[in-house]
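Here is how the chains run, residue by residue.
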Amino acid sequence: MGRLFVVSLEGKIYSCKHCRTHLALSEDIVSKSFHCRHGKAYLFNKVVNVSVGVHEERMMMTGMHTVADIFCVGCGSIVGWRYETAHEKLQKYKEGKSVLERFKVSGPDGSNYWITPEAHVGGSDADDA
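This report concerns the structure included in the present document. The structure displayed is predicted, hence computed values, not measured ones.

Let's shift gears to the side chain of histidine 65. Counting through the fold element by element, histidine 65 comes out in strand 6 (residues 63-72). Take histidine 65: its relative accessible area is 0%, and that puts it in the buried class. A distance of 2.9 Å separates the side chain of histidine 65 from the backbone oxygen of glycine 63, its partner in a polar contact.

This is the structure:
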């Protein structure tokens, strides 16, 4: 096992709620209108300090995508997913971007997002882009 190097970010930071490892900056948010089984999720242009899991085909609310779960390098918790390939032409903007689930990260002000009763179970994706 190699030595773990963790990137430290400056600014308004989203971090792992379990170990506080920095994951993304608020300025890299593309959309806040995504949803997952736990509620809200945000699409980011760039995330750091994550490892990428196995690529798999998933049917999302906006169609079929090739995605990979992303994990915090600090504690190994799953924090979201990365879009590898979008099969629908209108969804191509998601390719190479990552989604962080708000339930699994702390916001820039240290706030946590809690599961709400209206959080739905099912495919995860954006309502609109």
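For the structure shown, the criterion picks out 4 aromatic pairs. With a centroid separation of 5.5 Å and 70° between ring planes, the pair formed by tyrosine 14 and phenylalanine 44 is classed as edge-to-face. In this pair, tyrosine 14 is assigned in strand 1 (residues 13-16) and phenylalanine 44 in strand 4 (residues 39-44), connecting sequence segments 30 residues apart. The same class applies to tyrosine 14 and to phenylalanine 44, which are both buried. With a centroid separation of 6.5 Å and 65° between ring planes, the pair formed by phenylalanine 34 and tyrosine 83 is classed as edge-to-face. Here tyrosine 83 lies in strand 7 (residues 78-86) and phenylalanine 34 lies in strand 3 (residues 29-36), a separation of 49 residues in the sequence. Overall, the relative accessible area of 0% leaves phenylalanine 34 in the buried class. Through successive ring pairs, a cluster of aromatic residues spans Tyr14, Tyr42 and Phe44.

Relative to strand 7, strand 6 runs antiparallel, the two sharing 7 bridges. Bridged to threonine 66 within strand 7 is threonine 85. The hairpin formed by strand 6 and strand 7 contains 5 residues between the paired strands, and glycine 76 there has a positive phi angle of roughly 85°. With 3 bridges joining them, strand 7 and strand 8 (residues 98-101) adopt antiparallel strand pairing. Counterpart to glycine 80 in the pairing with strand 8 is leucine 100.

If you look at the biggest cluster of nonpolar residues, it comprises 13 residues, and the most contacted ones within it are Tyr14, Leu23, Phe44, Val47, Val79 and Leu100. Secondary structure elements with two or more residues in this core: strand 1, strand 2 (22-25), strand 4 and strand 6.

Let us now look at the environment of lysine 12. Relative to the assigned elements, lysine 12 resides in the segment before strand 1. Residue classification places lysine 12 among the exposed residues on the basis of a relative accessible area of 58%. Considering only alpha carbons, one finds lysine 12 and glycine 107, 95 residues apart in sequence, at a separation of 8.1 Å. Apart from the residues lying within four places of it in its own chain, the contact partners of lysine 12 are Ala24, Leu25, Ser26 and Pro108.

Taken together, the 3 strands give an open sheet; going across it, the order is 2-1-9, and neighbouring strands pair in antiparallel fashion. Of all the strands in the sheet, just strand 2 and strand 9 (105-106) have a single pairing partner and so form its edges. Bridge count for strand 1 against strand 9 is 2 bridges, and the pairing is antiparallel. Looking across to strand 9, one finds that serine 15 is bridged to serine 106.

What counts as what
Residues numbered from 1 in each chain as written. Predicted model: local features only at pLDDT ≥ 70, side-chain atom pairs only at ≥ 80, totals over all residues. Heavy atoms only, no water. Helix = DSSP H or I, 4+ residues; strand = E, 2+ residues; numbered from the N terminus. Buried < 20%, exposed > 50% of the residue type's maximum accessible area, 1.4 Å probe, protein only. Polar contact = N/O pair within 3.5 Å; in protein donor to acceptor, adjacent residues only side chain to side chain. Phe/Tyr/Trp six-rings, centres within 6.5 Å; stacked < 30°, edge-to-face > 60°. Pairing = 2+ DSSP bridges. Core = buried A, V, L, I, M, F, W, Y, C linked by side-chain atoms within 4.5 Å. Contact = heavy atoms within 4.5 Å.

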